Amino acid sequence: MHAKAQPLKIAILAMGGEGGGVLADWIVDLGEHNGHIAQTTSVPGVAQRTGATIYYVELFPAAAAEQAGAAPVLALMPLPGDVDIVLASELMEAGRAVQRGLVTPDRTTLIASTHRVYAIAEKIAMGDGRADDATLLALAQAAARRFVGYDMAQAAEQSGSVISAVIFGSLAGTGLLPFTRAQFEATIGRGGVGVKPSLKAFGAAFEHASHLAPTTSAKASAAVALPRSPHPEVQALIERAAKAFEGAALTIVLEGLRRLVDYQDPAYAALYLDRLDKVRAVVRGGELTLEVARHLALWMSYEDTIRVADLKTRGSRFERVRDEVKAAPGQMLSINEYMHPRLQEIADTMPAGLGRWLLASGTPRRWVERLASKGRVVRTSSLRGYLMLTFLAGLRRWRRSTLRFVHENGRIEAWLAEIHHVSDSDPALATEIARCQRLVKGYGDTHERGLRNYALLRSAWQRGGPRMTATLLAELRQAALADEHGKALATALQQHALA
Amino acid sequence: MAERSFVEEVKKLRLGQGQVFHGEGILAVTKALLESGVAYVAGYQGAPISHLMDVLADAQDILADHGIHFENSASEATAAATLAASVNYPLRGAATFKSTVGTNVASDALANLASGGVTGGALIIVGEDYGEGSSIMQERSHAFAMKSQIWLLDPRPNLPSIVQAVKDGFDLSEASHTPVMLQLRIRACHVHGQFTTSANRRPAYTLREAMENPRRDTSRIVLPPASFLHEKEKVQQRWPAAVKFIQERGLNEFFSEQDDDIGVIVQGGTYNTLVRVLERLGVADVFGRTRIPLYVMNVAYPVIDAEVLRFCEGKRAVLLVEEGQPNFIEQNIASILRSGGSTTALHGKDMLPMAGEYTASEVLAGARSFLQRYGRLAASTTVTAPSEPFEIAATTVQARPPGFCTGCPERPIFTAMKLVERELGEHHVSADIGCHLFSILPPFNLGNTTMGYGLGSAGAAALNVKADKRAISVMGDGGFWHNGLTSGIANAVFNRSDNLTIVVDNSYTSATGGQDILSSAAANPTRSTGHAIEKAVRGVGVEWVRTVEHTYDLARMKAALKDALTSKQSGPKVVIARSECMLNKQRREKPIVRQAVAAGKRVVRERFGIDADTCTGDHSCIRLSGCPSLTIKPNPDPLRTDPVAAVIDSCVGCGLCGEVAHAAVLCPSFYKAQIVSNPTAWDRLGELVRGKVIGWLQARGAARRARFAF
């Protein structure tokens, strides 16, 4: 009893406010103006507020209905395994379509943007909570009969339009619907809003989708090309690094050098190589060297007020902000920083003796504390703000005498000594100790929390003895990054009788 | 002013005889009301029927032309009680709300209405918020229809059937002197389709006539002895009248009734899903021409005994497709078959899931097992791909729960609560219904219970004893006016509570689509707005009231909350947090700003940004915000792997990011950019001078770094 004509079944997966509704309306309008009976429906509800939502469209040729003398009964929701086209406005939504069984290898064409809009769980992780893009892409490719995927958000931005226009263009480009390009474009015209940029985005997407070759991701790993510096001292450092390291480790060490000459001076970068040499004396190559090289560079370039002021005042930064906020040539831009230096940061920036005195003092300490109780907004683009920050950045010359430097230097030396100590007997554990630097980051409260967690882990590996293994330390580090209040870490430490 | 404007759609309400209407289901209902000669419409907004309210609000001139009165009711109870106008007078009236939550609120009025019965047609249009996309408890409106004996229509989800159901509903109501409930599922409300219109009808009898010629009939009022008579009248007169009308008008439909000795009974609302499934199984075609007999119950209640017996006559077995639980219809049909001496086997929840939405896959599985059981399908028939062809880890495809919009003024309230929590410890938080309920989700994770709209404060009523901490309640402005003023605030005054209630005043009922309410700030040409919540709160006797006018001011927000939680003064504490819903604000302001820029006026646009080179990727800022515009991106630093925070283009510059950075002492990575369009000559002069000095210093710094760079 199968009638020959079948509805075309299209599911659209989008996030609330991402234009899924516009896209569905376009497809309906396109169908209705070109000899089709169209039906669409959705369940927006609370998902309108940033949640994931599905729109479902069916198109049926009016001529077939006329011939049969009956109206088709169109469905209000997709049946898994019975969908011709799935449009997804983002990569994880494409994954969701696969998860829901809407994309099947026997018939579904999946048209999806490959950019990511991160889910809240990915965003709030204290470290890296992102889903793996490659897994999602592989999933989309494996599940679909045909996968048309590229960064449509970027394409939309390039044509000054919205992603729905790019998806609509890609849909037209695949030639899956029985409508001409002109019919598609007429639909956008009838919409009446932002027609010109939409048509531009549509056109580019149409071309792109109709000539899209299967995506390949062959990344050849080339040998490290050695950079050159006109400065003899820096050049000597580069050559010294090249002699001692190779491959991935060399890449990291060169980045470390680049960071540290920028952060302080060539002498400081030389100290970096000296420190690395000590570790290298024990283990050559391997993961440990790489991790120490990475984390040592990061620790030595700890973020103090001097560094922040330096980065904030650079000309390249002003350019970047202009670009990021999309200030047009005729527009003026002012930049306001949100800073909250507290007593601690002020003392940290002082010469060590003075800083210690201030922290231990009575009235001066309270006075500074009161002064620093509120955050301040510094307008870097004003003369006053700029000069103040430039002055701060200029304290770089005396950084080695600051209280903060003394503290950080002590921690770095202790950390290196422990890596050194362990690396002989258990290089894997030493690698994990190196990685614990990752816990110490941020500013203010965040930095204090990081230090606290680091101290807890440190006493754990010191007291753990033979029970402390690389796996356990990695697990504890994950626990430290699981929540802000240290609950997971406390539980984990207790569980292993290390608390 | 509602979130969506229906100015274009409203024109469709004027279509005359024989024209074709294209549009959404719920708008078709609105048109059907006009074609039915309705005299008044009342309702309370809520998905999926908000658009019905919005379109009527935008159609005031058309309503006036047709002599129709439209009320934005204070609550669903008000809307249902409004139907009292149809008790004594031959006035057709309709009330609409979200169900079952709205029906819960309305049930007192509905029960009174149904007891005395009606003279003019009374139609209750409920948007059944059940299944995917629903935001409420999963229950059935069906129970209300049964308990109050209100007839329940559940039409096939296509526009002609829905429109016809509205018209039949009024006729049925008048023929049986009983209110009629029209139930539309979410997808049916939002379905886009077509139907051929009829001419609009002015009401035959007007409200003015009723007011000027009052009629009274004590026997229609619910007080003994009339109430005892009402119950008898329901079963002895109104029910038989309804059954007769339903049969004569043929409201329920039979398809291929005699074609087989098995059949399927289905609620009208699930018909399309069933037909698609039968088509996939090869026993029907795309036009719904089926080999398996179907009995489509467009009237879900009452069940018509004679029709059920007629359909089952000579059939070995029938399958009942009844969504939701308890399985009222199945129980009813089982009883009819048993009493009627029928031997037909009845299947239903044995082959279909007991609970949950009847999705296409569920109905497919149920229909397949039914057809296989009776040999209409080979046992091996599979139609679609296996349902779980790909193993997908939960970390790969993560949930994307709803959250506060970009720049939402409610977000800083919860940020402040988080910060106060750091100082005073965790508190019991009684949540309410509205956008603010998103606080229970990440990143805020605040809220212990929610007991219903406007009941945030009431939900903490028992936690009113001497303790070292106070309970916190949250209530929206919508819930406040709906009932929270009395059920929560006045209740707290009367019972001498010391607890804190935070009233979130964003000028609209935002979660339902931004409709105006009493305290809305904007002038509304047809409604009275501008009534301050603080006045009402003080009016019922609260002495400790603090209004925070700009919720983004975290320091003040925090101070108000902390004071309320630590104040020595006894009696309820109320903090009113006022800032306009950003969605509505942007919709209003964006075009104005665009025009101003085009006209060459000086306009300052603000937005936030993050310096990736100072961000260390801890994401504390996101954990205190959750703004969609505050996200993460890959770390541009080759030494780091954790993604950095980033502000994307959708940022509206609400200011919270900066406030959080200050209040929580987070990090100096945030900056606020002010972009000035059409700067004045004075602006340009200043820029020139600053540019020279700053440019020179920057060039000097760059030159120094360039010496070492490689």
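Keep in mind it's a predicted model, so treat the numbers as computed, not measured. All residue numbers refer to positions counted from 1 along the written sequence of the respective chain. Going through the entries in the order they are written, you letter the chains from A and number the ligands from 1. It should be noted that, the model being predicted, local features are given only for residues of pLDDT at least 70 and side-chain atom pairs only at 80 or more, the latter also being counted only at that level, while totals for whole chains, interfaces and linings use all residues. As a convention, hydrogens and water are excluded, and side-chain values are obtained from all of the structure's heavy atoms.

Side note on the overall build of chain A
The condition is simple: In this text, helices come from DSSP runs of H or I with a minimum length of four residues, and strands from runs of E with a minimum of two, each type numbered from the N-terminal end. The size measure is the radius of gyration over C-alpha atoms, and the globule rule it meets is 2.2 Å times the number of residues to the 0.38 power. For this analysis, residues touch if any pair of their heavy atoms sits within 4.5 Å. By the counting scheme adopted, Arg and Lys are positive, Glu and Asp are negative, and His together with the chain ends is not counted. For this purpose, a charge sits on NZ of Lys, CZ of Arg, CG of Asp or CD of Glu.
When its secondary structure is counted, chain A shows 24 helices and 8 strands. Against the compact-globule benchmark of 23 Å for 499 residues, chain A has a radius of gyration of 30 Å, which places it well outside the compact range. Based on the C-alpha atoms only, the size of chain A along its principal axes is roughly 95 × 60 × 50 Å. A separation threshold of at least 6 residues defines the contact pool for chain A, and within that pool the share at least 24 residues apart is 70%. Across chain A, the centroid of the 58 positively charged side chains sits 6 Å from that of the 50 negatively charged ones.

Thoughts on the overall build of chain B
Threshold: Burial classes follow relative accessibility: with a 1.4 Å probe on protein chains only, a residue under 20% of its type's maximum area counts as buried, one over 50% as exposed, and anything between as partly exposed. All accessible areas in this document rest on Shrake-Rupley with a 1.4 Å probe, and a residue is counted as covered only by the protein chains that are shown.
Within chain B, the secondary structure is distributed over 24 helices and 24 strands. In terms of principal-axis extent, the alpha carbons of chain B reach across some 100 × 70 × 60 Å. Each of the 710 residues in chain B was classed as buried or not, and the buried ones make up 59%. Here the analysis covers contacts within chain B between residues at least 6 apart in sequence; of these, 78% occur between residues at least 24 apart. As displayed, chain B offers around 27,400 Å² of accessible surface, 55% of which is attributable to carbon and sulfur atoms.

A closer look at the layout of surface pockets
All names here are of chain A. Formally: Here a cavity means grid points, on a 1 Å grid over the protein atoms only, where a 1.4 Å probe fits yet cannot get out; a pocket means an open set of points with protein on both sides within 12 Å along at least five of seven lines; lining residues are those with an atom within 4 Å of a point. Grid points are joined across faces, edges and corners, and a volume is the space filled by probe spheres set on the points. Side-chain classes are defined by residue name, with Ala, Val, Leu, Ile, Met, Phe, Trp, Tyr, Cys and Pro counting as nonpolar, Asp, Glu, Lys and Arg as charged, and the others, Gly among them, as polar.
Each pocket or cavity is described by its volume, and for the second largest pocket that value is around 1,000 Å³. Thr 305, His 340, Pro 341, Arg 342 and Glu 345 are, among the 45 residues lining the second largest pocket, the residues nearest its centre. At the level of secondary structure, the elements contributing two or more residues to the lining of the second largest pocket comprise helix H14 (305-313), strand S7 (332-339), helix H16 (343-349), strand S8 (376-379), helix H19 (383-394), helix H20 (403-423) and helix H22 (444-464). Residue composition of the lining of the second largest pocket, grouped by class: 22 nonpolar, 11 polar and 12 charged.

Observations regarding empty space enclosed by the protein
Under the defined criterion, the tally for this structure stands at 8 cavities of 30 Å³ or more. Counted as a void, the largest cavity has a volume near 240 Å³. Together, 22 residues line the largest cavity, and Met77(A), Arg185(B), Arg187(B), Gly269(B) and Glu323(B) are the ones closest to its centre. Elements with a minimum of two residues in the lining of the largest cavity: strand S7 (180-185), helix H10 (186-190) and helix H13 (271-280) of chain B. Of the residues contributing to the lining of the largest cavity, the split by class is 11 nonpolar, 5 polar and 6 charged. Put simply, the second largest cavity is a space of about 130 Å³. Considering the residues around the second largest cavity, the lining is formed by 16 residues, among which Thr616(B), Asp618(B), His619(B), Cys621(B) and Cys667(B) are closest to the centre. A per-class count over the lining of the second largest cavity returns 8 nonpolar, 7 polar and 1 charged.

Thoughts on the environment of Ala75(A)
With respect to the helices and strands, Ala75(A) occurs in the loop between helix H2 (62-68) and strand S4 (85-88). A relative accessible area of 5% places Ala75(A) in the buried class.

Here we look at the domain arrangement of chain B
All names here are of chain B. The condition that has to hold: The domain boundaries here were taken from an automatic or database domain assignment. Two parts placed together each lose some accessible area under a 1.4 Å probe, and the buried area is that loss summed for both. Any Lys or Arg side-chain nitrogen located within 4 Å of an Asp or Glu carboxyl oxygen qualifies as a salt bridge. Here a polar contact is recorded for every N or O atom pair within 3.5 Å, except that within protein the pair must consist of a potential hydrogen donor and a potential acceptor, and residues adjacent in sequence are included only if both atoms are side-chain atoms.
Domain boundaries assigned for chain B yield domain 1 (9-248), domain 2 (253-373), domain 3 (411-584) and domain 4 (602-678). Domain 1 puts 13 residues into the contact, and the matching count from domain 3 is 9 residues. Between domain 1 and domain 3, roughly 790 Å² of surface is buried when both sides are summed, and carbon and sulfur atoms account for 43% of that area. When the area that domain 1 buries against domain 3 is broken down by residue, the three leading residues are Tyr 44, Gln 45 and Gln 60, summing to 47%. Linking domain 1 to domain 3 there are 0 salt bridges. Across the domain 1-domain 3 interface, the total number found is 7 residue pairs in polar contact (both at pLDDT 80 or more). Those elements that place two or more of their residues in the side of domain 1 that touches domain 3 are helix H3 (50-57) and strand S3 (69-72). Per-element tally for the side of domain 1 that touches domain 3: the top contributor is S3, with 3 residues. For the side of domain 1 that touches domain 3, the residue count by class is 4 nonpolar, 6 polar and 3 charged.

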